[in-house]
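If you want the building blocks of each chain, they are given just below.
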Amino acid sequence: MPTLPLPYKLPPVDGQVDIVEDRAAALEADITRLLNGLSITTPNSEIDEPKNEDNVHFLSSGFFGGANITKPYTMIGGLPDTQVTRHVTIKSTRAIIDGVTFRNSDSSTGRLILIRSSSVVLFRNCVFNMTHPDGAKIWIVMEDGAKAVFNGCMWRGGDGTGGNLVSNAGAAGNVQIVGCMSGPTAPGATFVNCSAPVASL
């Protein structure tokens with residue numbers, strides 16, 4: 001992930017040092033080091049997993065491409081207005097995604113997220129916004145054996161004519177939905193709270 005460059009300070013002229021400018025440059029350098037220490041991932045960076053496990057991404061505001069999450073214990077957090085605008089595939093044995101909005105774009109329509117069969121994922125405070133539905137109108141697809149918990153999330157979008165918030169090919173208990181809600185054009189009840197929902201919500 002790229003880091004912000006430290007500010008360049010011109011050398012003093014004729015041995016004179018402007019104390020105010022020197023202090024301002026030092027403060028700017030301190031702020032830059034502080035921001036770099038937060039390890040914020042910007043939209044110019046990929047959501048990658050360089051380590052074998054315990055990868056962490058703190059996403060800045062802005063628009064991100066899709067991601068393939070494959071390593072165990074990956075954690076992804078988002079700031080307000082963090083948006084992922086391409087398909088996401090989760091193959092991780094354990095992952096947590098918090099505070100991220102998933103939405104379509106002109107080049108990425110239909111399903112927002114595919115959760116593979118061996119995956120277990122926790123979504124907290126996420127928004128799933130299908131802005132470009134396809135014929136199936138499925139927000140999230142779960143393969144047989146996949147497990148997911150949705151806590152405090154919201155489903156939006158669709159065209160108001162049905163569809164599935166979560167299409168689960170496995171056992172009903174593999175999906176846990178707690179304290180969530182759907183928008184007026186998304187299918188289902190306004191408030192969604194299921195401990196053992198039917199295969200497709």
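Residues numbered from 1 in each chain as written. Predicted model: local features only at pLDDT ≥ 70, side-chain atom pairs only at ≥ 80, totals over all residues. Heavy atoms only, no water.

Engineer: Would you mind showing me how to read the sheet that holds strand S4 (residues 67-69) here?
Structural biologist: Spatially, the 5 strands line up as an open sheet ordered S4-S7-S10-S13-S16, and their pairing is parallel. Whereas interior strands pair on both sides, the edge strands pair on one side only; in this sheet they are S4 and strand S16 (164-168). The sheet shows a mean angle of 15 degrees between the axes of neighbouring strands, taken without regard to direction. With 3 bridges connecting them, strand S10 (residues 113-115) and strand S13 (residues 138-142) associate as parallel partners. (Pairing = 2+ DSSP bridges. Helix = DSSP H or I, 4+ residues; strand = E, 2+ residues; numbered from the N terminus. Axes fitted to C-alpha atoms, helices over the stretch in contact; angles between N-to-C directions.)

Engineer: Looking at this structure, I do not really get the environment of Arg124. What am I missing?
Structural biologist: Take Arg124: it is sitting in strand S11 (residues 120-124). Judged by its relative accessible area of 28%, Arg124 falls in the partly exposed class. In sequence terms Arg124 and Phe150 are 26 residues apart; their C-alpha atoms lie 6.1 Å from each other. Ignoring anything within four residues of it in the chain, the contact list for Arg124 reads Ile96, Ile97, Asp98, Gly99, Asn151 and Cys153. One polar contact links Arg124 to Asp98, side chain to side chain, over a distance of 3.4 Å. (Buried < 20%, exposed > 50% of the residue type's maximum accessible area, 1.4 Å probe, protein only. Contact = heavy atoms within 4.5 Å. Polar contact = N/O pair within 3.5 Å; in protein donor to acceptor, adjacent residues only side chain to side chain.)

Engineer: Sorry, what's going on with the nonpolar core here?
Structural biologist: Grouped burial of nonpolar side chains is what soluble globular proteins tend to show. By size, the foremost hydrophobic cluster in this structure holds 35 residues, and its most contacted members are Phe102, Phe123, Phe128, Phe150 and Trp155. Other than its neighbours up to four places away in sequence, Phe102 contacts Val84, Val88, Ile97, Leu112, Ile113, Phe123, Cys126, Val127, Phe128 and Asn129. (Core = buried A, V, L, I, M, F, W, Y, C linked by side-chain atoms within 4.5 Å.)

Engineer: Would you take a moment to explain helix H1 (residues 19-37) for this structure?
Structural biologist: Under the 1.5 Å per step criterion, the end-to-end length of H1 is 27 Å for 19 residues, consistent within 8% with the ideal 27 Å. Backbone geometry just after H1 places Ser39 at a positive phi near 55 degrees. (Expected span 1.5 Å × (residues − 1).)

Engineer: Could you clarify how one ought to interpret the confidence of the model for the protein in this entry?
Structural biologist: Detail in the predicted coordinates should be disregarded across regions flagged by low pLDDT. Across the protein, pLDDT averages 85, with 86% of residues at or above 70. Looking across the protein, the model is least confident in strand S18 (residues 191-194), with a mean pLDDT of 62, and most confident in strand S8 (residues 95-98), with 98. This model gives residues 195-201 a pLDDT under 50, and the stretch forms 18 contacts once residues within four places in sequence are excluded. (pLDDT = per-residue confidence, 0-100.)

Engineer: I keep staring at the packing of aromatic side chains and nothing clicks. Help me out?
Structural biologist: For any two aromatic rings, the description comes down to two numbers: the centre-to-centre distance and the angle of the planes. Evaluated as defined, the whole model comprises 7 aromatic pairs. For the ring pair Phe123 and Phe150, a centre distance of 5.1 Å and an interplane angle of 5 degrees mean the geometry is stacked. Of this pair, Phe123 sits in strand S11 while Phe150 sits in strand S14 (residues 147-151), placing them 27 residues apart in sequence. Assigned by exposure class, Phe123 and Phe150 land together as buried. Grouping aromatic residues by their ring pairs yields a cluster made of Phe102, Phe123, Phe128, Phe150 and Trp155. (Phe/Tyr/Trp six-rings, centres within 6.5 Å; stacked < 30°, edge-to-face > 60°.)

Engineer: Looking at this structure, how should I read the pattern of salt bridges?
Structural biologist: Oppositely charged side chains can form a pair if their charged atoms are brought close together. Taken as a whole, this structure holds 4 salt bridges when the rule is applied. When the shortest N-O distance is used, the salt bridge between Glu143 and Arg116 registers 2.5 Å. On the criterion of sequence distance, the pair formed by Glu143 in the loop between S13 and S14 and Arg116 in the loop between S10 and S11 is long-range, its members being 27 residues apart. Overall, Glu143 belongs to the partly exposed group, its relative accessible area being 25%. Overall, Arg116 belongs to the partly exposed group, its relative accessible area being 31%. Linking Lys137 and Asp159 is a salt bridge whose minimum nitrogen-to-oxygen distance equals 3.4 Å. (Salt bridge = Lys/Arg side-chain N within 4 Å of Asp/Glu carboxyl O.)

Engineer: I would appreciate a short explanation of the environment of Arg86 in the present structure.
Structural biologist: Residue placement: Arg86 occurs in the loop between strand S6 (82-84) and strand S7 (88-90). Under the relative-accessibility criterion, Arg86 is labelled partly exposed at 40%. In this structure the C-alpha to C-alpha distance between Arg86 and Phe63, which are 23 residues apart in sequence, comes to 9.5 Å. Looking at Arg86, its side chain comes within polar contact range of the side chain of Ser107, at 2.8 Å.

Engineer: For this particular structure, what's the right way to read the pairing of S8?
Structural biologist: Side chains Ala95 and Ile97 project from S8 onto a buried face, and the interleaved Ile96 and Asp98 project onto a face without burial. The sheet contact formed by S8 and S11 spans 4 bridges and is parallel. Looking across to S11, one finds that Ile97 is bridged to Phe123.

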